[in-house]
Amino acid sequence: MLTKFETKSNRVKGLSFHTKRPWILASLHSGVIQLWDYRMGTLIDRFDEHDGPVRGVHFHKSQPLFVSGGDDYKIKVWNYKMHRCLFTLLGHLDYIRTVQFHHEYPWIVSASDDQTIRIWNWQSRTCISVLTGHNHYVMCASFHPKEDLVVSASLDQTVRVWDIGSLKKKSVSPADDILRLSQMNTDLFGGVDAVVKYVLEGHDRGVNWASFHPNLPLIVSGADDRQVKLWRMNDTKAWEVDTLRGHMNNVSCVMFHAKQDIIVSNSEDKSIRVWDVTKRTGIQTFRREHDRFWILSSHPEMNLLAAGHDSGMIVFKLERERPAFAVSGDSLFYAKDRFLKFYEFSTQRDTQVIPIRRPGSITLNQSPRTLSYSPSENAVLVCSDLDGGSYELYFIPRDSITRGDSVQDAKRGVGGSAVFVARNRFAVLEKSTNSVLVKNLRNEVVKKTPLPFAADAIFYAGTGNLLCRSDDKVFIFDLQQRTVLGELQTPFVKYVVWSNDMESIALLSKHAIIIASKRLVHQCTLHETIRVKSGGWDDNGVFIYSTLNHIKYCLPNGDSGIIRTLDVPIYITKVSANTIFCLDRDGKNKAIVIDATEYIFKLSLLKKKYDNVMSMIRNSQLCGQAMIAYLQQKGFPEVALHFVKDERTRFNLALESGNIQIAVESATAIDEKDYWYRLGVEALRQGNAGIVEFAYQRTKNFERLSFLYLINGNMQKLSKMLKIAEVKNDVMGQFHNALYLGNVEERIKILENVGHLPLAYITAKTHGLHDVAERLAAELGDNLPTLPEGKAPPTLLTPPTPIMCGSDWPLLRVMRGIFEGGLDNIGRGAVDEEDEAVDGDWGEELDMVDVDGLQNGVALPGLEGEEVPGEDDGEGGWDLEDLELPPEADTPRTSVNTHSSVFVAPTTGMPVSQIWIQRSSLAAEHAAAGHFDTAMRLLNRQLGIKNFTPLRQLFLDLHSGSHSYLRAFSSAPVISLAVERGWNETTTPNVRNPPALVFNFSQLEEKLKAGYKATTAGKFTEALRLFLSILHTIPLIVVDSRREVDEVKELIVIVKEYVLGLQMELKRREMKDNPVRQQELAAYFTHCNLQLPHLRLALLNAMTVCYKAKNLATAANFARRLLETNPTVESQAKLPRQVLQAAEKNMTDASQLNYDFRNPFVTCGATYVPIYRGQKDVSCPYCSSRFVPSQEGKLCTVCDLAVVGADASGLLCSPSQIR
């Protein structure tokens, strides 16, 4: 059984397949009807109007309808497009068991526990016949697929066949009144529309199901006596043919298979059984653990079955429909109907070659699974699942074109899979020993090679090589060298397709396609939601593949698309030019002609064959939003431009490709404010000031226009803007323009006009206009504002002179497009060469100062609102004669050939900070690049760091230290420059080095020495600050070699010990009133891993504290340890000797300490208690300090950075760790 789809739900009592769409209806015991798409595995809809279980459900053959019948005695007819119930048929008096539409007439048949069968007309919505005769519940009723018969099964232990021929006559409207009267009588008193033709008796218990054979006069029934019975009928009588025994409980449903001579039954014994109709024996049994089966349904056209059980349903096939085939050059060998067949692609001729299995030996899933062909020996290996996997070797006679009838005695063997690996050698996978047997054509083992990994299938991979499949990867194995040539992690691979030159391979799994090189170097992966079926390589290296309902393509870079849809699945055998050769599920060869234009176009773009692209644009009908979006996405908006007629899309593409000329045309056609504004932004980015000016004028954006003239230095037009603001009575505009012009008189006039006399007076006085100031002073009288005394003499506020006076200043070096203007004017009238050669839109830089005309040949509307000359005026457009060139402007004539006006503005390069982080996993480099969030994520992942407050200043220092800032001149923005590590004059400018970092390892060594010094001097707070500073800096250190990495890790351990010890010592000093705890902390300090001089001081300290507290035994232990260090300073040796002498007289402790020096321990970094060997503990992922388990998940108190017990991958501080 091949399960295609499975659902989990309430008990399923009714099932029905849709004839055309991949849908199935399931009616549940809970009263819900579900509509599933079994191909996608999704629930499409649910219908919930029945009260109680719904036992029967059925799709109409052609209308968007289905019918359902339930325990609420109601039959409901639904329209699934409108998602609602259309009407309800009432009449049955008990549970309704089954409902079914007639394949031709507008009838529904229903069976009910009220012991009747009713036939309804769903168009007139009436009951047209009641079939009575059963004397117990009627469990099912169904129409014959071709004849006027109904079969029903009942718990009265009978199966009845009813003739409904007279109903058909009655459905034709009676012509005269007498007939109509008799019809009325019939309707009132019950007529003889349907008569019992046969009553089939033979079951010992109630019959649950009966169904007709689709073609033959056979009936099959299943009953509570656990038997399946086969009945035959003719025109006069019906009789029992045979009984099929095997079910262990009530048989709930049984039916004939549409395509094969088999019966499928299911039962409450939790099994589905398959029976051979001719031999009348069981072929196969499928069991479930806990679920009883209730219903079966078969697809009307496809080889699919569905079964409903206690906790859902399954859609399944009984056996694979994929024909086994092998392609060799121009020929195809394939297995069909127990014969090996040969097909020639060039002539499209089909021939039967030899029989490959004795007739009658076929059983389920025993048909050939794979074929392998050796052209030189004309031999074929046929593999199947027989006996758990076996192969047969056949030799094709040389005169194989004639029909072969003689059965060969094939050479057989057992093995997982078998393939030819050389001219006269084939390999067989022996799964039990996980080895490959190489055999000759006499089926003798020549060589046995064990495989390095467990494999469950082998495929051909070139002469002497095998592609082996394991669960999650594939590998290529060389049988001669016994080495693995390449391996690749993949989903479970089902099929393998090699390209014609054996350079590329496609690995097909259920929902994915992996393209790789011949050594399994991964190139791309494609994921499909629908099952992938087959594939083949075309001559251009494009992989063409089929899913259940599409033929698609995959380009070498992983781009894919649909070529066409399919009605039924196909298996691609070969792709030649624009023809796809394939086999269908019936084993018939087909040749499908496809339109390859789309993928050839995309391939040409990918391979940069731009001449092909241009010719395809000119000659083919490539269009559509998808193609435009693709070209846009791949960075070819200028190509997409030539597919598009919609002005808005043209405008967007023109902006993206930097083609200002087309953007102006489109903006003029659209003429909306937003489009002009966006055109202005793009033109400003390119430095095309003329177009910017035009765009601002069209939108009457006077503020921006004034500012544009200011930065252009166009004082003449700024004066005009001042006048316009005056006319429009725009006071702020007037004032700004006066300010831009440096026109003080105008500013005073404006201030005076709006009544700001004090401001006007101050402005006049400051700028030395004494006459005006005196006049204003007289007007102000006593309200005269006072000016501050003793300030430096004021200067006139005038705008700076622009660096480049003129209309255009190219900010961007504009590059020619890849299509060199060849795409221009496609589909439009071509421009004459003389017109084109005058001046392209992107000529050399011209310093043109022109007030009324416009640079770059776009006519400007006048500023005082003159009309723009229309296109039909026969002039305007290209005002080239009116340009007044200043004599000093050197304007060399550009040699512009025809079709040169399409250019591509260069795309912005990648910022250095982006390049730095692209290949780096070092947090320091991310911080230097300013990407603090990724630096924090890296530190969290590598060292478990969660508290970044101590690192904030370090991050900022790293960032500012790896950048320098250049100020060119006052009006230009500050330029940021990246400072790189290891830069010198010989470095190539295109290769970026990593960032220069302000922290290095030698600084930390200096700090360590300073920390040691402070510890020796007893400056514990200062020492702790230095050691913590080292701990906080180490995560942001980068070193070069592995040796230095080890040194950094060693430094962490050293510093951590000092931080812990100093923290305990400082805490001890704070405690004045707890002598026991003081002694414990002093004792633990001596167990930190310190330098020898510091250890002596710690021991001396602990000895002193304990001695004073009368803990003589403990003090003696410290004295002994101190003497063992051979102290060089006499005072350090003298004191412990004295303590030892004093303690020997009285070796006792006054107070009990939590300290056992005989038992090795580490100190908890948070609670400062000993954790003895063997006790559970957790550690900090960064500084490795140890803690009691209760501290897990809290911040480490030693380093103050990481979370105790967090998962972390470890310190990464050198590029050498990543290589």
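In this convention, every chain numbers its residues from 1, walking through the sequence in written order. Per-residue local features are limited, in this predicted model, to residues with pLDDT of at least 70; the limit for side-chain atom pairs, both in listing and counting, is 80 or more; totals at the level of whole chains, interfaces and linings are taken over all residues. Note: side-chain values were computed over all heavy atoms of the structure, leaving out hydrogens and water.

A. Region of interest: the sheet that holds strand β10 (residues 96-101). Any two strands between which DSSP finds at least two bridges are classified as paired. Each helix corresponds to a stretch of at least 4 residues labelled H or I by DSSP, and each strand to a stretch of at least 2 residues labelled E; elements are numbered beginning at the N terminus. The strand order β10-β11-β12-β13 describes an open sheet built from 4 strands, whose pairing is antiparallel. Each of the sheet's edge strands pairs with one partner strand only, and the pair in question is β10 and β13 (126-132). The sheet shows a mean angle of 20 degrees between the axes of neighbouring strands, taken without regard to direction. Every angle, taken between N-to-C directions, lies between 0 and 180 degrees, and every axis is a line fitted to C-alpha atoms, over only the stretch in contact when it is a helix.

B. Molecular detail of the packing of helix α25 (residues 1075-1085) against helix α26 (residues 1092-1108). Interhelical geometry of α25 versus α26 gives an angle of 160 degrees and a closest axis separation of 8 Å. The orientation of α25 with respect to α26, classified from their angle, is roughly antiparallel. In the crossing of α25 with α26, the sense of the turn from one axis to the other is left-handed. Residues Gln1078, Gln1079, Ala1082, Ala1083 and Phe1085 of α25 touch α26, and the partners they reach there are Ala1098, Ala1102, Val1105 and Cys1106. Under the scheme applied here, ten amino acids are nonpolar (Ala, Val, Leu, Ile, Met, Phe, Trp, Tyr, Cys and Pro), four are charged (Asp, Glu, Lys and Arg), and all others, including Gly, are polar. Across the contact of α25 with α26, the residue classes break down as 7 nonpolar, 2 polar and no charged. An angle counts as roughly parallel when it lies under 35 degrees, as roughly antiparallel when it exceeds 145, as roughly perpendicular when it falls between 65 and 115, and as oblique in every other case. Left-handed is the label given to a crossing in which the near helix is rotated counterclockwise from the far helix by less than a right angle, and right-handed is the label when the rotation is clockwise. Whether two residues are in contact is decided by their heavy atoms: any pair within 4.5 Å suffices.

C. Focus on the packing of aromatic side chains. Stacked, tilted and edge-to-face are the three classes assigned to paired rings of Phe, Tyr and Trp, where Trp is represented by its six-membered ring and a pair needs centres within 6.5 Å; plane angles under 30 degrees give stacked, over 60 edge-to-face, the rest tilted. Scanning the model with the defined rule gives 34 aromatic pairs in all. When the ring of Trp107 is compared with that of Phe143, the centres are 6.5 Å apart and the planes differ by 35 degrees; the resulting orientation is tilted. Within this pair, whereas Trp107 is found in strand β11 (residues 107-112), its partner Phe143 is found in strand β14 (residues 138-143), the two being separated by 36 residues in sequence. Of the two residues, Trp107 and Phe143, neither departs from the other in class, the shared state being buried. For a ring to carry a charge above it, either NZ of a lysine or CZ of an arginine must fall within 6 Å of the ring centroid while also lying within 35 degrees of the normal to the ring plane. Its guanidinium or amino end placed over the ring of Tyr675, Arg678 lies 5.6 Å from that ring's centre, counting from NZ or CZ. Partly exposed describes any residue whose relative accessible area lies between the buried limit of under 20% and the exposed limit of over 50%, with all areas from a 1.4 Å probe on protein chains only and scaled to the type maximum.

D. Layout of helix α4 (residues 610-619). Listing the buried residues of α4 in full gives Tyr610, Val613, Met614, Met616 and Ile617. Along α4, the residues classed as buried sweep out an arc of 165 degrees about the axis, all on the same side. Exposed and oriented more than 90 degrees from the buried face of α4 are Asp611 and Asn619. Buried positions along α4 lie against α3 (597-606) and α6 (637-640). Taking the helix axis as origin, the arc is that swept by the directions to the C-beta atoms.

E. Fine view of unusual backbone geometry. Despite not being glycine, Arg226 shows a phi value in the positive range, around 70 degrees. By the element assignment, Arg226 lies in the loop between β19 (218-223) and β20 (227-233). In this structure, Leu520 is a non-glycine residue whose phi angle is positive, near 60 degrees. For Leu520, a relative accessible area of 3% gives the class buried.

F. View of the side chain of Glu528. With respect to the helices and strands, the residue Glu528 is situated in the loop between β48 (522-527) and β49 (532-537). Throughout this description, a polar contact denotes any pair of N or O atoms lying within 3.5 Å of each other; where both atoms belong to protein, one of them has to be capable of donating a hydrogen while the other can accept it, and for residues adjacent in sequence the pair is counted only when both atoms sit in side chains. A distance of 2.5 Å separates the side chain of Glu528 from the side chain of Tyr545, its partner in a polar contact. Aside from chain neighbours lying at most four places away, what touches Glu528 is His511, Tyr545, Thr547 and Lys552.

G. Representation of the pairing of β14 in the model. For β14, a buried count of 6 out of 6 residues is recorded, marking the element as mostly surrounded by other parts of the structure. Count of turn residues in the β14/strand β15 (residues 149-154) antiparallel hairpin: 5 residues.

H. Structural context of the sheet that holds strand β51 (residues 550-554). With respect to topology, 4 strands assemble into an open sheet ordered β49-β50-β51-β52, the strand pairing being antiparallel. The strands lining the two open edges of the sheet, one partner per strand, are β49 and β52 (560-565). Sheet twist, expressed as the average angle between the axes of neighbouring strands with direction ignored, equals 25 degrees. α3 contacts β50 (543-547), β51 and β52 of the sheet and is inclined by roughly 10 degrees relative to β51.

I. Representation of the environment of Val151 within the structure. Secondary-structure assignment places Val151 in strand β15. A relative accessible area of 0% places Val151 in the buried class. Remark: the alpha-carbon pair of Val151 and Val199, spanning 48 residues in sequence, is separated by 9.9 Å. Ignoring sequence-local partners within four residues, the contact set of Val151 consists of Cys140, Ala141, Ser142, Val159, Arg160, Val161, Ala210, Ser211, Phe212 and Ile219.

J. Summary view of the confidence of the model for the protein chain. Here pLDDT means the predictor's own confidence in every residue, given as a number from 0 to 100. The predicted model of the protein chain has a mean per-residue pLDDT of 83, with 86% of residues at 70 or higher. Long-range and interchain partners of residues 824-902, a stretch whose pLDDT sits below 50, account for 100 contacts in this model, where long-range means more than four residues apart.

K. Region of the structure containing the packing of α26 against helix α27 (residues 1112-1124). Contact pair α26 / α27: the axes reach a minimum separation of 8 Å and the direction vectors enclose 160 degrees. Compared by their axis directions, α26 and α27 come out roughly antiparallel. The way α26 lies across α27 gives a crossing that is left-handed. In this structure, α26 contributes Leu1095, Arg1096, Leu1099, Leu1100, Ala1102, Met1103, Cys1106 and Tyr1107 to the contact, and α27 contributes Leu1112, Thr1114, Ala1115, Phe1118, Ala1119, Arg1121 and Leu1122. Counted by class, the contact of α26 with α27 contains 12 nonpolar, 1 polar and 2 charged residues.

L. How the structure looks around the pattern of salt bridges. When a carboxyl oxygen of Asp or Glu is within 4 Å of a side-chain nitrogen of Lys or Arg, the pair counts as a salt bridge. For the coordinates displayed, the defined rule picks out 43 salt bridges. For Arg97, the salt bridge goes to Asp113, with nearest N and O atoms at 2.8 Å. Of this pair, Arg97 sits in strand β10 while Asp113 sits in the loop between β11 and β12 (116-121), and the two are 16 residues apart along the sequence. Look at Arg97 and you get buried, because its relative accessible area is 16%. Residues Arg1158 and Asp1156 are paired through a salt bridge, measuring 4.0 Å at the closest nitrogen-oxygen approach. When its relative accessible area of 68% is taken as the criterion, Arg1158 is described as exposed. Residue classification places Asp1156 among the partly exposed residues on the basis of a relative accessible area of 29%.

M. Local environment of the nonpolar core. The set of buried Ala, Val, Leu, Ile, Met, Phe, Trp, Tyr and Cys residues whose side-chain atoms join them within 4.5 Å is what this entry labels a nonpolar core. Leu939, Phe1027, Ile1034, Tyr1182, Cys1183 and Cys1199 are the most contacted members of the largest nonpolar core, which totals 88 residues. Examining the composition of this core, we find that 10 residues originate from one element, helix α24 (residues 1042-1070), more than from any other. All the domain ranges listed were derived from an automatic or database domain assignment. Mapped onto the domain boundaries, this core takes at least three residues apiece from domain 4 (912-998) and domain 5 (1002-1217). Among residues more than four places away in sequence, those in contact with Phe1027 are Leu1008, Gly1011, Tyr1012, Thr1015, Val1055, Tyr1058, Val1059 and Leu1062.

N. Representation of a nonpolar patch on the surface within the structure. Nonpolar side chains (Val, Leu, Ile, Met, Phe, Trp, Tyr) within 5 Å and like charges within 9 Å form the patches, drawn only from residues with over 30% relative accessible area and no salt bridge. Here the open area of atoms and residues is found with the Shrake-Rupley method and a 1.4 Å probe, where only the protein chains shown may cover a residue. A contiguous nonpolar surface patch, about 240 Å² in accessible area, is contributed by Leu966, Ile975 and Leu977. Within the secondary structure layout, Leu977 lies in strand β59 (residues 975-978). Overall, the relative accessible area of 38% leaves Leu977 in the partly exposed class.

O. Main features of helix α16 (residues 770-780). Every buried residue belonging to α16 is among Ala773, Leu776 and Leu780, and all of these are buried. All buried residues of α16 project into a common sector of 70 degrees when viewed along the axis, lining one side. Seen from the open side of α16, the exposed residues pointing more than 90 degrees away from its buried face are Asp771, Glu774 and Ala778. Looking at the buried side of α16, the elements it contacts are α14 (744-753) and α15 (757-766). Taken from the residues just after α16, Gly781 is the one with a positive phi, measuring 65 degrees.

P. Seen up close, the pairing of strand β47 (residues 512-517). With 6 of 6 residues buried, β47 is to be regarded as a mostly interior element. Where strand β46 (residues 504-509) and β47 come together, 5 bridges link them in antiparallel fashion. Across the sheet, the residue bridging to Ile505 is Ala516, located in β47. Here β46 folds back onto β47, and the loop between the two strands holds 2 residues. By the bridge criterion, 5 bridges tie β47 to β48 in an arrangement that is antiparallel. By the bridge assignment, Ala516 is partnered in β48 with His522. Once β47 ends, the chain turns through 4 residues before running back antiparallel as β48, passing Leu520 with a positive phi of about 60 degrees.

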